[in-house]
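Descriptive analysis of the structure
Here's the letter readout for the chains.
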There are 2 protein chains.
Amino acid sequence: MPINAPKDCPLCFPEQEIVLWHDASCRVIRVSDADYPGYCRLIWKDHVSEMSDLTPAEQRHCFNILMAVEVAVRECFRPDKINLASFGNVVPHLHWHVIPRYLDDLHYPQPIWAQAQRKSRGSPAPEVDDARLALAVRNAIAEQIAG
Amino acid sequence: MPINAPKDCPLCFPEQEIVLWHDASCRVIRVSDADYPGYCRLIWKDHVSEMSDLTPAEQRHCFNILMAVEVAVRECFRPDKINLASFGNVVPHLHWHVIPRYLDDLHYPQPIWAQAQRKSRGSPAPEVDDARLALAVRNAIAEQIAG
């Protein structure tokens, strides 16, 4: 059970998630988005709002996991660019977006929250199943934490 | 001189910048944006594209500075939320956006790259001059690096 969990927080009480990896402090999920099939999200377990609300050790852990997810997403999806973002304006529960981007994806070169730049024709990302992505995340986390 | 600097990179060869702090590896600037006067940017010195292109020590340093900027921006601007993002789709030179957000700012609760949600009536952020912001950044960096 997350600390300080409001009953209506969808990240404290998720319904359907593809969890690729988790530990006692956070989890990594794959976002269901047909335009961005490589889109992953790192969700802190406790209901805290900002990175700087974490302790220094928690911050380091969170960034280590974030970097590992970036490495795994690059390895699996070979994107032209990685986008990282932590907003929390709608759901003020700390989470990070990790999005592989391609020159011909729906919004490029804009962030995916901006207006679409072209018509959706399916994603240019290679197909990668959940099991392979989960393995890449797990391996990258092991390497990041060992380093 | 940044490593691997393309002649046309505006972050390798900046024109006008309000530099709040810098060291040998990166700088923190204040972005000139009337709607977001507390908007700061952390720019890595060398022309690298992704966080995971940095060495582990460089990653830690970059995240330490990012966290310190977040702390300084929270202290100076008392926002409702902090937004952090690293895209680089337009300029593939590693940089982080640190944006203090308010419930009644131009785009809330959307990211600032999305469609405006209301008419611009000036920012709800308190007025903070460059010198005070620079001091807050410097102090927060000293504390972050000591911790």
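The notes below deal with the structure included here.

Attention now moves to the interface of chain A and chain B. Listed per partner, the contact involves 34 residues of chain A and 34 residues of chain B. For the chain A face of the interface with chain B, the top three residues by lost area are Lys-81, Phe-87 and Asn-89 of chain A, together amounting to 22%. The interface formed by chain A and chain B contains 4 salt bridges. With a closest N to O distance of 2.9 Å, Arg-74 of chain A and Asp-53 of chain B form a salt bridge. Viewed at the interface, chain B and chain A are joined by 25 residue pairs in polar contact (both at pLDDT 80 or more). Broken down by element, the side of chain A that touches chain B gets its largest block of residues, 8 residues, from helix H1 (residues 56-77) of chain A.

A separate point is the nonpolar core. If you look at the biggest cluster of nonpolar residues, it comprises 70 residues, and the most contacted ones within it are Met-51, Leu-66 and Trp-96 of chain A together with Met-51, Leu-66 and Trp-96 of chain B. Tyr-36, Ala-85, Leu-106 and Trp-113 of chain B belong to the second largest nonpolar core, which has 11 residues in total.

Let's shift gears to the packing of helix H1 (residues 56-77) of chain B against helix H2 (residues 130-146) of chain B. All names here are of chain B. Running from N to C, H1 and H2 point in directions that differ by 135°, and their axes come no closer than 8 Å. Looking at the two axes, H1 sits oblique to H2. Note on packing geometry: the crossing formed by H1 with H2 is right-handed. Counting all contacts with H1, which are made through His-61, Asn-64, Ile-65, Met-67, Ala-68, Val-71, Ala-72, Glu-75, Cys-76 and Phe-77, the residues of H2 involved are Arg-132, Leu-133, Ala-136, Val-137, Ala-140, Ile-141, Gln-144 and Ile-145. Per-class residue counts for the contact of H1 with H2 are 13 nonpolar, 3 polar and 2 charged.

Turning our attention to the relation of the copies chain A and chain B. Each of the two chain copies can be generated from the other by rotation about an axis followed by a shift along it. For the pair chain A and chain B, the superposition axis carries a translation of 0.0 Å, the fit reaches an RMSD of 0.0 Å, and the rotation angle comes to 180°. What the superposition gives is, in effect, a two-fold axis relating one chain to the other. Take the interface residues of chain A: 100% of them recur as interface residues in chain B, which is what a same-surface contact looks like.

What follows covers the pairing of strand S1 (residues 18-22) of chain B. The side chains of a regular strand alternate, first on one face of the sheet and then on the other. All names here are of chain B. Bridge count between S1 and strand S2 (residues 26-30): 4 bridges; the pairing is antiparallel. Bridging across to S2, Val-19 finds its partner in Ile-29. What sits between S1 and S2 in their antiparallel hairpin is a turn of 3 residues.

What counts, and where the lines are drawn
Residues numbered from 1 in each chain as written. Chains lettered and ligands numbered in written order. Predicted model: local features only at pLDDT ≥ 70, side-chain atom pairs only at ≥ 80, totals over all residues. Heavy atoms only, no water. Contact = heavy atoms within 4.5 Å. Buried area = accessible area lost by both parts, 1.4 Å probe. Salt bridge = Lys/Arg side-chain N within 4 Å of Asp/Glu carboxyl O. Polar contact = N/O pair within 3.5 Å; in protein donor to acceptor, adjacent residues only side chain to side chain. Helix = DSSP H or I, 4+ residues; strand = E, 2+ residues; numbered from the N terminus. Core = buried A, V, L, I, M, F, W, Y, C linked by side-chain atoms within 4.5 Å. Buried < 20%, exposed > 50% of the residue type's maximum accessible area, 1.4 Å probe, protein only. Axes fitted to C-alpha atoms, helices over the stretch in contact; angles between N-to-C directions. Parallel < 35°, antiparallel > 145°, perpendicular 65-115°, else oblique. Left-handed = near helix turned anticlockwise from the far one by under 90°. Nonpolar A, V, L, I, M, F, W, Y, C, P; charged D, E, K, R; others polar. Least-squares fit on C-alpha atoms with pLDDT ≥ 70 in both. Pairing = 2+ DSSP bridges.

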